[in-house]
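Next come the chains, spelled out residue by residue.
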Amino acid sequence: MALLEKLADPGLLESVNAAVDSLDDNDSVAVAQAASAGIARLEAVRFRALAQLNRHRDGARSVTQEVAFALSLVDNHAGAMVAAAEALTTRLPRTLGLMDQGKVDGFGALKVAAATAWLSDDNALAADALLEDRLPDKNSGQIRKAASHAALTVDREGADRRAERHREGRRLAVRHGETGVASIEVEDGPVEKVTAAYTRIDREARALKTGDETRTLDQLRADIALDLLLGGQGGKSERAEVFLYMDLFTYLGVNDDPAELAGHGHLPATLAREIATGADTVLRRIITDPLSGQVLDLGRDRYRPSAGQGEFVRVRDRECRRPGCHRPAQACDLDHSVPWEFGGHTDAADLIDLCRRDHRLKDEPGWIYHLASDGTFTITTPTGQSYDSIPPPLHEPRPKTEEPPPF
């Protein structure tokens with residue numbers, strides 16, 4: 001078969017591989033990008049082939065096992081591949097088209113297929129149309145969040161039912177390993193509680209990580225979590241907080257726009273209202289620019305005093321500002337986009353949130369960080385590639401005539 005012979009011909013790449021050793025930094029990045037685009041196109045071919053196999057077999061269960069054998073995959077991954085292949089060739093044609101253009105890879109396509117699997121065919125097509133301009137040049141985490149948001153947008157009532165059903169399925173699982181170790185996991189727990197629990201554990205682990213402490217942060221987190229489960233104090237007890245962003249219109253029930261939990265992603269409106277009206281919830285007014293949805297200021301009425309500029313920056317940024325990083329701002333370092341010693345200022349126009357890893361990356365040779373006056377944060381790599389990030393608006397831009405509902 002001519003197609004199979006072309007795909008299996010090693011001679012097609014021999015000249016390319018021979019030339020790789022002579023590439024400089026810029027050309028190395030360019031070739032890697034071109035290769036990734038080519039791989040995405042081939043993955044589109046693979047998905048079409050798997051979908052064709054599935055159609056020939058009328059969706060028989062054995063297709064998954066055959067794919068697992070043929071591609072040396074575990075059954076779960078093979079099943080996900082077959083399901084994604086079927087979805088991409090029927091319900092998600094625009095995502096498949098982006099793969100043909102080399103703009104979305106197979107892993108990203110799997111994220112889209114999984115995030116939209118619960119939608120009807122018509123709603124999946126609508127979500128696919130929404131995503132066409134949002135997926136190119138995004139990493140898998142960004143694709144997952146974009147796809148989940150699109151799914152919530154096109155079927156809000158279904159999202160509410162799905163969130164309720166998943167939260168009802170919460171359970172505690174134990175997995176026994178080898179050599180005297182085991183794992184414990186809360187599966188499908190309420191996201192606000194799981195996030196707050198991890199934040200508390202992480203904070204206490206970092207407080208214990210002094211010069212005399214030999215345990216790693218991962219070991220400390222595990223030890224503190226087990227200590228708390230067994231009735232201990234874990235460490236310094238402190239109230240943990242999560243950042244839930246919700247439009248006033250959504251909070252009041254005027255609309256059902258999705259909300260966002262920093263570090264996790266979007267939540268359906270009904271679940272967000274449930275969290276926001278909890279007995280231990282502390283609300284904070286955030287003032288946004290109605291035309292852009294970006295944070296302008298914080299209201300000062302709150303249960304505890306404001307921490308000033310640092311708190312504003314964390315609320316504004318929500319997550320680490322490095323494009324593609326989703327570590328919540330509460331767990332990040334406040335950093336000067338222009339170093340203090342080179343004229344940087346300690347104000348909101350110059351401060352950004354960076355997780356510890358990305359904070360340290362800035363000090364590596366050739367990495368340039370720049371924060372523009374409009375809030376756009378740009379990272380330039382040593383090879384001259386630039387990547388931008390800006391916190392997404394807290395709500396869709398509104399016409400000037402739109403007013404909030406009266407209290």
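Here, the structure is the one placed above.
As the structure is a prediction and not an experimental result, all values here were calculated from the model. (Residues numbered from 1 in each chain as written. Predicted model: local features only at pLDDT ≥ 70, side-chain atom pairs only at ≥ 80, totals over all residues. Heavy atoms only, no water.)

**Q** Can you walk me through the environment of Leu-96 in this structure?
**A** Along the chain, the position of Leu-96 falls in helix α6 (residues 93-100). Exposure remark for Leu-96: the relative accessible area of 5% places this residue in the buried category. Sequence spacing of Leu-96 and Ala-85 is 11 residues, and the spatial spacing of their C-alpha atoms is 9.2 Å. In contact with Leu-96, other than residues within four places in its own chain, are Ala-44, Arg-48, Leu-88 and Thr-89. (Helix = DSSP H or I, 4+ residues; strand = E, 2+ residues; numbered from the N terminus. Buried < 20%, exposed > 50% of the residue type's maximum accessible area, 1.4 Å probe, protein only. Contact = heavy atoms within 4.5 Å.)

**Q** Even after reading the chapter, I still don't get the pattern of salt bridges, so can you show me in this structure?
**A** A side chain with one charge can pair with a side chain of the opposite charge if their charged atoms come near. Under the definition given, this model contains 25 salt bridges. Arg-171 serves as the salt-bridge partner of Glu-187, at 2.9 Å between the closest nitrogen and oxygen. With Glu-187 in strand β2 (residues 182-187) and Arg-171 in strand β1 (residues 171-176), this residue pair connects regions lying 16 residues apart in the sequence. In this structure, Arg-322 engages Asp-358 in a salt bridge whose closest nitrogen and oxygen atoms are separated by 3.2 Å. Placement of the pair is Arg-322 in the loop between α15 (309-317) and β8 (333-336) and Asp-358 in helix α16 (residues 356-361), with a sequence separation of 36 residues. Several salt bridges share partner residues, and in doing so they unite Asp-202, Arg-206, Asp-218, Arg-221 and Arg-327 into one network. (Salt bridge = Lys/Arg side-chain N within 4 Å of Asp/Glu carboxyl O.)

**Q** Would you mind going over the packing of aromatic side chains with me for this structure?
**A** Remark: the centre distance and the inter-plane angle together describe each pair of aromatic rings, the angle taken between the planes. One pass over the structure, following the stated rule, counts 1 aromatic pair. Judged by centre distance (5.3 Å) and plane angle (90°), the ring pair of Tyr-369 and Phe-377 falls under edge-to-face. Relative accessible area serves as the criterion here: at 7%, Tyr-369 is assigned to the buried category. Over the face of the ring belonging to Tyr-245 we find Arg-318, whose NZ or CZ atom lies 4.9 Å from the ring centre. (Phe/Tyr/Trp six-rings, centres within 6.5 Å; stacked < 30°, edge-to-face > 60°. Lys NZ or Arg CZ within 6 Å of the ring centre and 35° of its normal.)

**Q** Would you mind going over unusual backbone geometry with me for this structure?
**A** Excluding glycine, most residues fall at negative phi; most peptide bonds, likewise, are trans. Phi is positive for Asp-137, which is not a glycine, with a value near 65°. Tracing the sequence through the fold places Asp-137 in the loop between α8 (121-131) and α9 (140-154). A positive phi is found at Arg-318, a non-glycine position, where the angle reads about 70°. For Arg-318, a relative accessible area of 2% gives the class buried.

**Q** Before we go on, may I ask you to explain the sheet that holds strand β3 (residues 244-245) in this structure?
**A** Paired through their backbone hydrogen bonds, the strands of a sheet run either parallel or antiparallel. Overall, antiparallel pairing links the 3 strands, which are arranged β3-β4-β5 in an open sheet. The sheet is open, and its two edges are formed by β3 and β5 (265-267), each paired on a single side. With 3 bridges connecting them, strand β4 (residues 259-261) and β5 associate as antiparallel partners. Bridged to Leu-261 within β5 is Gly-265. Against the sheet, α9 makes contact with β4 and β5, and its axis sits at roughly 15° relative to β5, the strand it touches most. (Pairing = 2+ DSSP bridges. Axes fitted to C-alpha atoms, helices over the stretch in contact; angles between N-to-C directions.)

**Q** Just to check I follow, could you spell out the nonpolar core for this structure?
**A** It is characteristic of soluble globular proteins that their nonpolar side chains tend to be buried jointly. Ranked by size, the top nonpolar core spans 35 residues in total, and within it Phe-47, Val-67, Leu-88, Met-99, Val-112, Leu-131 and Leu-135 carry the most contacts. Those elements giving two or more residues to this core turn out to be α3 (25-56), α4 (62-71), α5 (75-88), α6, α7 (106-115), α8 and α9. The greatest single-element share of this core, amounting to 7 residues, is contributed by α5. For Met-99, the contacting residues outside a window of four places in its chain are Ala-40, Arg-41, Glu-43, Ala-44, Phe-47, Leu-88, Val-104, Asp-105, Gly-106 and Ala-109. Residues Cys-320, Leu-354, Tyr-369 and Leu-371 belong to the second largest nonpolar core, which totals 10 residues. (Core = buried A, V, L, I, M, F, W, Y, C linked by side-chain atoms within 4.5 Å.)

Worth remembering: the numbers are spatial, not functional.
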